[in-house]
Amino acid sequence: MTEKDKAWLSKKYPQFEVKAEKISGEIEFTATYNEHTERFLQIEENTIDAVGGVRLYGRFKIRIEVRNDISHSKLPALFVDEIENVPDRHFNQTDSSGCTCNPLEEDEFLQPEFQFQRYFRELVIPFLYGQLFFTEKRHWPWFEYAHGGVGSLEAFSKNPTLEKAKECLQIISQEFLLWKKVKPLLLQRSNIKGHTPCPCPKHDHIRRCHPHTLKGLIKLKEFILLERILVP
Amino acid sequence: MTSEEFLQELLETQELSAEQENTLQAHKKEVTDFLRLEFGSDPKIKYAGSREKGTMIADQYDLDVVCYFPNTDTRSLKEIREDVSAHLKKSYIIQSKASAERITNLRGSTVPNSYHIDVVPGRFIENTDDVFLHVAYGDKERMQTNLKVHINHIVNSGCVSVIRLAKLWAYRNNIVIKTFILELFVVRALTGSRDKLNLMKSFRQVLEALRDEFDTLQLVDPANSNNILSQLVQPSEKIMVAQAAKETLDVIGESNELADWQVVFREEDDKGYYAPLISPIPSPSTRHPNTGFTPHSPHCAVIC
């Protein structure tokens, strides 16, 4: 966090305690999400709400800490107190941190350096809004990736670059059960077909079950062949 | 095979199979019976949406069912909506949409991945076929509309085949556009055309209109001129659709060669998935003043 970030935080949320590797405190906010336009807006003083949608008010005790675990994420870990730590609410079941964003999509918050304010505005607040929405409706307000490597392949399909292909490969190869099913598909000579069983536990045709995962697999296979990426 | 024959055959492949049709009917019956358990014979429950308009495509479809209560019902629209929602929740997983209760867990092996059933509660207006629907978001709490007018507007337009082709184009190229907006736009784009039966010519005309006019479009609900439907389309979506149409026209060129059309509809590959031909959607975090941003999708990299 830069000095500018600290000044921003203390002005906006004066009740937060800021330490070297940890921020903690209570946050109060109102935000809205419109499912038709898929826009999210935090409502503050003087905000003209052009989004409409479902407006929710919430108050949470949160902690944001530098990660020192072996997670794929390079962003700080967000912890939310007094929220039921269930997978459908997108909490990592190992360390209870919030799964705010796919690791393959973190670049915009990390380059050229970590952008704390954007991270807070565009990942932390929407994630907390998601918790409020989930409490009311029992589902996440907007699109959510499938858990684990299947979701990483979905995210990769949106931005298939060589660098992301390597990163994606590294992530999915660490997931034993998934990798057992995916590796033969990536190495087979023939194309990956839509009726291939999905690598998720449902095993339905992948075209129907997780079409974006299929797209990600096809792209990944192309990169492996064209760029001769080593498959672990 | 000519390009026109290819497009005609393509549409034939988009007819629902007997099994898919049976599944739809079974779902409609199940939901109808379930609603009747609670509300008796009062509401009029029938198919709506693409099923009634004849614009369904097998690659991607869902089921729309309206549940209209008589005008003598004394409950408010909100109460009607809440009652329908509460009842459906007893048996299904429900998502509340602007005017519909969406059943997400009634599926089958033959339905597409994103298949769902939208139940649209409403109340008839005295002595008319018009209905009031409850609207959960936005400025107005209710909307006046007319299902029959919607259906007739599309069915009698002579554009059903072109609409189906346009839907298939949008789906196979990952173009985000609300179906009813696309339907109305196609009808408008082909108004006055004498070649609606010529798919290739008509679809090209629609693409040119999308490229040139979609970002300035003003589409009105045919059943209620106070509903400006084009307001539901975001400026970024308009740009994206216009760009997609332009890129498609670039692929087709002037020659109308079969191979080009096959590329547009992703028929040439055997990969089992239709990789998008069109440029990717603009960055999800593109922000506008006071119109917020599209939030990132949550994801657990470690299996939860």
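Up top you'll find the structure we're talking about.
Everything in this summary refers to the structure shown in the same document. Bear in mind that the values here come from a model prediction, so they are computed numbers and not experimental data. (Residues numbered from 1 in each chain as written. Chains lettered and ligands numbered in written order. Predicted model: local features only at pLDDT ≥ 70, side-chain atom pairs only at ≥ 80, totals over all residues. Heavy atoms only, no water.)

**Describing the overall build of chain B**
Check the secondary structure of chain B and you find ten helices and nine strands. Classification of the 304 residues of chain B by burial places 53% in the buried group. Partitioning the contacts of chain B with sequence separation of at least 6, the portion at a separation of at least 24 is 65%. (Helix = DSSP H or I, 4+ residues; strand = E, 2+ residues; numbered from the N terminus. Buried < 20%, exposed > 50% of the residue type's maximum accessible area, 1.4 Å probe, protein only. Contact = heavy atoms within 4.5 Å.)

**Details of the pattern of salt bridges**
A side chain of one charge can pair with a side chain of the opposite charge when the charged atoms of the two come close. In this structure the tally under the stated criterion is 33 salt bridges over all chains. Here Glu 84 of chain A makes a salt bridge to Arg 89 of chain A, at a shortest N to O gap of 3.2 Å. Judged by relative accessible area, Arg 89 of chain A falls into the buried class, the value being 3%. For the salt bridge of Arg 51 of chain B with Glu 21 of chain B, the shortest nitrogen-to-oxygen distance reads 2.6 Å. Within this pair, whereas Arg 51 of chain B is found in helix H3 (residues 49–53), its partner Glu 21 of chain B is found in helix H2 (residues 18–39), the two being separated by 30 residues in sequence. Through salt bridges with shared partners, a single network forms among Lys 74, Asp 107, Lys 164 and Glu 167 of chain A. (Salt bridge = Lys/Arg side-chain N within 4 Å of Asp/Glu carboxyl O.)

**With respect to the packing of aromatic side chains**
This structure, assessed with the given rule, holds 30 aromatic pairs over all chains. Pairing Phe 203 of chain B with Phe 265 of chain B gives two aromatic rings, centres 5.8 Å apart and planes at 40°, and the pair type is tilted. Taken together, the positions of Phe 203 of chain B in helix H8 (residues 199–213) and Phe 265 of chain B in the segment after helix H10 (258–264) put the pair 62 residues apart, joining distant regions of the chain. Take Phe 203 of chain B and Phe 265 of chain B: they sit in the same class, and that class is buried. An aromatic cluster is built from Tyr 33, Phe 40, Phe 91, Phe 127, Tyr 129, Phe 133, Trp 140 and Trp 142 of chain A together with Phe 293 of chain B, whose rings are joined through pairwise contacts. Over the ring of Phe 69 of chain B we find Arg 75 of chain B, and its NZ or CZ is 4.8 Å from the ring centre. (Phe/Tyr/Trp six-rings, centres within 6.5 Å; stacked < 30°, edge-to-face > 60°. Lys NZ or Arg CZ within 6 Å of the ring centre and 35° of its normal.)

**Concerning the side chain of Asp 118 of chain B**
Residue and element names in this part refer to chain B. By the element assignment, Asp 118 lies in strand E5 (residues 117–124). Judged by its relative accessible area of 8%, Asp 118 is buried. Separated by 2.8 Å, the side chains of Asp 118 and Arg 102 make a polar contact. Apart from the residues within four sequence positions on either side, Asp 118 is in contact with Leu 63, Asp 64, Val 65, Ala 100, Glu 101 and Arg 102. (Polar contact = N/O pair within 3.5 Å; in protein donor to acceptor, adjacent residues only side chain to side chain.)

**Structural notes on the packing of H2 of chain B against helix H4 (residues 77–89) of chain B**
Residue and element names in this part refer to chain B. At their nearest, the axes of H2 and H4 sit 10 Å apart, and the two run at 120° to each other. For H2 against H4, the interelement crossing comes out right-handed. Across from Phe 34, Leu 35, Leu 37, Glu 38 and Phe 39 in H2, the residues of H4 making contact are Asp 83, Val 84, His 87 and Leu 88. Taken together, the residues that form the contact of H2 with H4 break down as six nonpolar, one polar and two charged. (Axes fitted to C-alpha atoms, helices over the stretch in contact; angles between N-to-C directions. Left-handed = near helix turned anticlockwise from the far one by under 90°. Nonpolar A, V, L, I, M, F, W, Y, C, P; charged D, E, K, R; others polar.)

**Digging into the interface of chain B and chain A**
Interface size, as often reported, equals the accessible area lost upon joining of the parts. Each partner contributes residues to the interface: chain B has 39 residues there, and chain A has 62 residues. Here chain B packs against chain A, burying approximately 4500 Å² in sum over the two surfaces, 54% of which is carbon and sulfur. For the pair chain B and chain A, the number of links is one salt bridge. Our count for the chain B to chain A interface comes out at eleven residue pairs in polar contact (both at pLDDT 80 or more). When residues in the side of chain B that touches chain A are grouped by element, the largest group, three residues, is from strand E3 (residues 94–96) of chain B. Looking at the side of chain B that touches chain A, its residues break down into 16 nonpolar, 17 polar and six charged. (Buried area = accessible area lost by both parts, 1.4 Å probe.)

**Notes on the pairing of strand E2 (residues 63–69) of chain B**
Residues and elements named next belong to chain B. In terms of burial, E2 is largely enclosed, as seven of its seven residues are buried. The side-chain alternation of E2 yields two buried faces, one formed by Leu 63, Val 65, Cys 67 and Phe 69 and the other by Asp 64, Val 66 and Tyr 68. Looking at chain direction, strand E1 (residues 44–48) and E2 are connected through five bridges and run antiparallel. The partner of Ala 48 across the bridge, within E2, is Asp 64. (Pairing = 2+ DSSP bridges.)

**As for the nonpolar core**
Core analysis: the largest hydrophobic core is formed by 45 residues, its most contacted members being Leu 7, Trp 169, Val 186, Leu 210, Phe 214 and Phe 265 of chain B. Counting 38 residues, the second-largest nonpolar core is a separate cluster that includes Ile 23, Phe 29, Tyr 119 and Trp 140 of chain A. (Core = buried A, V, L, I, M, F, W, Y, C linked by side-chain atoms within 4.5 Å.)

**Description of helix H1 (residues 3–12) of chain A**
Residues separated by three or four positions in an α-helix point in the same direction, a consequence of the helix having 3.6 residues per turn. All names here are of chain A. Those residues of H1 not exposed but buried are Asp 5, Trp 8 and Leu 9. For H1, the arc enclosing every buried residue in end-on projection is 95°, short of the 170-degree limit, so these residues lie on one face. Along H1, exposed side chains directed more than 90 degrees from the buried face belong to Glu 3, Lys 4 and Lys 11. Of the surrounding secondary structure, the elements contacted by the buried residues of H1 are strand E1 (17–18), strand E2 (22–34) and helix H3 (116–137). (Arc of directions from axis to C-beta.)

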